[in-house]
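# Inside the fold
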Amino acid sequence: MVIEFTSEQLKHREEFRTFVDEVITPRAQENDREERMPSELCEKIAAKGYLGSMLPKQYGGLGMDMITLGLLNEEFGRGCSSARSLLTVHGMVALGINRWGSQEQKDYWLPQIAYGQVIGAFGLTEPNVGSDAKSIETTAVLDGDYYVLNGKKKWITMGQVADLFLILARCEDKPTAFLVERKSPGFSTKPIKGLLGARASMIAEVLMDHCLIPKENMIGQVGTGLSHVALSSLDYGRYTIACGCVGLAQACLEESLRYARKRKQFGKPLRVNQLIQKMIAEMVVNIKAARLLCLHAGYLKDLGDPDSIMEIWNAKYFASQMVVKVSGDAVQIHGANGCCQDYPVERYYRDAKINEIIEGTTQMHEVLISTNAFRNSMN
């Protein structure tokens, strides 16, 4: 297998990097402090077409292949984890509709999603339900021409500002997916503040108190919410997070190189210290390893290879742990300055830890990866 970027992919990568350097990175620290993502930033992202990057051109999307999508999320991750999280959850809703929605749902929602006229959020996690997704407590009951939803969702990225939510609820005691608009009767959100990292992700608790939605808002069929809709959406989510981890680690490396060149101790730059060199060397190699895992997963996804699912698990598992180690070393290289908001590695360190939890914890990845390994060993 040979993975070689096409000229178009290389062109896109340069465009992504320029956009992030000019638009995303300059506001990242301020957005983190204010715990918000300005609407004008979302508008600039939408104007570039990035909110429709994962959608087919027939719906106004950019129709990017998985490798290019990986490069986009890597660059966004390098600039701001919260901005990358917008691409992730918005794309999860978009792809859920594109893969499993009715033609009417696709025709109505996907152009709005592609152009950023509607922001999407993915509603699976609940106050009492995390990794054990099949045990969701939110219910949906058919009443005439409407479904009545009752329950709570928690830790919903972009939940404070999203217009359209893909909600998983129990219908006839089976996990089922629904599209819920913010304006739906009985629907409300409550901001969640004071998070460790990704503070500009506009995370919220979602409340549904006899929330009424048209029966046509079901995606797929009763009982296919997890096995079909959520599975494909989460697959994309893990891939973009893994790529974002590579970008965040790259930002840590770049800041560490810059600091180690200019900072002097005992009359010499830090870069000549062999223990500092060891940390830099480990950063370089681990970032390259994670990037190759992501590229391999994206390559298989583009081929339609079923092994891509497990390769995405592998990439997310390794990359999310890698970025925690890299960001910790970046703070260590910066010393006390690394613990101060005047230096971005402080934010990188906080953001990095979030990636070991979202879209499947490290421990859940270990269970699934090892189970797959035992299964394959018996074949």
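The preceding data block contains the structure.
Residues numbered from 1 in each chain as written. Predicted model: local features only at pLDDT ≥ 70, side-chain atom pairs only at ≥ 80, totals over all residues. Heavy atoms only, no water.

## A word on the packing of aromatic side chains
Applying the stated criterion across every chain yields a total of eight aromatic pairs. Consider the rings of Phe19 and Phe76, whose centres lie 6.1 Å apart with planes at 25°: the pair is stacked. Placement of Phe19 in helix H1 (residues 7-34) and of Phe76 in helix H3 (residues 66-79) is noted, with a sequence separation of 57 residues between them. Judged on exposure class, the residue Phe19 and its partner Phe76 are both buried. An aromatic cluster of at least three residues, connected via ring pairs, comprises Phe16, Phe19, Tyr50 and Phe76. (Phe/Tyr/Trp six-rings, centres within 6.5 Å; stacked < 30°, edge-to-face > 60°. Helix = DSSP H or I, 4+ residues; strand = E, 2+ residues; numbered from the N terminus. Buried < 20%, exposed > 50% of the residue type's maximum accessible area, 1.4 Å probe, protein only.)

## What about the environment of Ala28?
Tracing the sequence through the fold places Ala28 in helix H1. Take Ala28: its relative accessible area is 1%, and that puts it in the buried class. As a C-alpha pair, Ala28 and Ala83 span 55 residues in sequence and 8.5 Å in three-dimensional space. Setting aside chain neighbours within four positions, we find Ala28 in contact with Gly79, Cys80 and Arg347. (Contact = heavy atoms within 4.5 Å.)

## Section: the packing of H1 against H3
Packed helix pairs are specified by the crossing angle of their axes together with the interaxial distance, meaning the distance between the axes. Where H1 meets H3, the closest approach of the two axes is 8 Å, and the angle between their N-to-C directions is 25°. Relative to H3, the element H1 is oriented roughly parallel. For the pair H1 and H3, the sense of crossing is right-handed. On the side of H1, the interface is formed by Gln9, His12, Arg13, Phe16, Arg17, Phe19, Val20, Asp21, Ile24, Thr25 and Ala28, while H3 contributes Ile67, Thr68, Leu71, Leu72, Glu75, Phe76, Arg78 and Gly79. Here the residues of the contact of H1 with H3 are counted per class, giving nine nonpolar, five polar and five charged. (Axes fitted to C-alpha atoms, helices over the stretch in contact; angles between N-to-C directions. Parallel < 35°, antiparallel > 145°, perpendicular 65-115°, else oblique. Left-handed = near helix turned anticlockwise from the far one by under 90°. Nonpolar A, V, L, I, M, F, W, Y, C, P; charged D, E, K, R; others polar.)

## A look at the pattern of salt bridges
Under the counting rule described, the total for this entry stands at 20 salt bridges. Across the salt bridge formed by Arg78 and Asp21, the nearest N and O atoms sit 2.9 Å from each other. One end of the pair, Arg78, is in helix H3; the other, Asp21, is in helix H1, and 57 residues separate them in sequence. Accessibility expressed as a relative area gives 7% for Arg78, which makes it buried. Its salt-bridge partner being Asp329, residue Lys325 comes within 2.6 Å of it at the nearest N-O pair. (Salt bridge = Lys/Arg side-chain N within 4 Å of Asp/Glu carboxyl O.)

## Overview of the nonpolar core
With 108 residues, the main nonpolar core has Ile24, Ile45, Phe76, Ile97, Ile113, Leu149 and Phe178 as its most contacted residues. Take this core: its biggest share by element is 18 residues, from helix H6 (residues 225-262). Ignoring sequence-local partners within four residues, the contact set of Ile113 consists of Leu51, Leu55, His90, Val93, Ala94, Ile97, Val118 and Leu164. (Core = buried A, V, L, I, M, F, W, Y, C linked by side-chain atoms within 4.5 Å.)

## Here's the deal with the side chain of Ser308
Among the secondary structure elements, Ser308 is positioned in helix H8 (residues 308-334). What Ser308 contacts, discounting residues up to four positions off in sequence, is Ala297, Leu300 and Lys301.

## So, the environment of Phe19
A relative accessible area of 8% places Phe19 in the buried class. Linking Phe19 and Glu75, residues 56 residues apart in sequence, is a C-alpha distance of 9.0 Å. Those residues in contact with Phe19, other than ones at most four positions away along the chain, are Ile24, Lys44, Ile45, Lys48, Tyr50 and Phe76.

## What to know about the state of the cysteines
Scanning all chains against the criterion turns up zero disulfides. Free of any disulfide, Cys243 has its nearest neighbouring cysteine sulfur in Cys294, separated by 4.0 Å. Using a relative accessible area of 3% as the deciding quantity, one classes Cys243 as buried. Cys245 forms no disulfide, and the closest cysteine sulfur to it belongs to Cys294, at a distance of 7.9 Å. (Disulfide = S-S within 2.5 Å.)

## Thoughts on unusual backbone geometry
Of note, Met158 is a non-glycine position whose phi angle comes to about 65°, a positive value. Tracing the sequence through the fold places Met158 in the loop between strand E3 (146-156) and strand E4 (164-171). By relative accessible area, which is 0% here, Met158 ends up buried. One non-glycine residue with positive phi stands out, namely His210, at about 50°. With respect to the element layout, His210 can be found in strand E7 (residues 204-214). The class of His210 is exposed, set by a relative accessible area of 54%.

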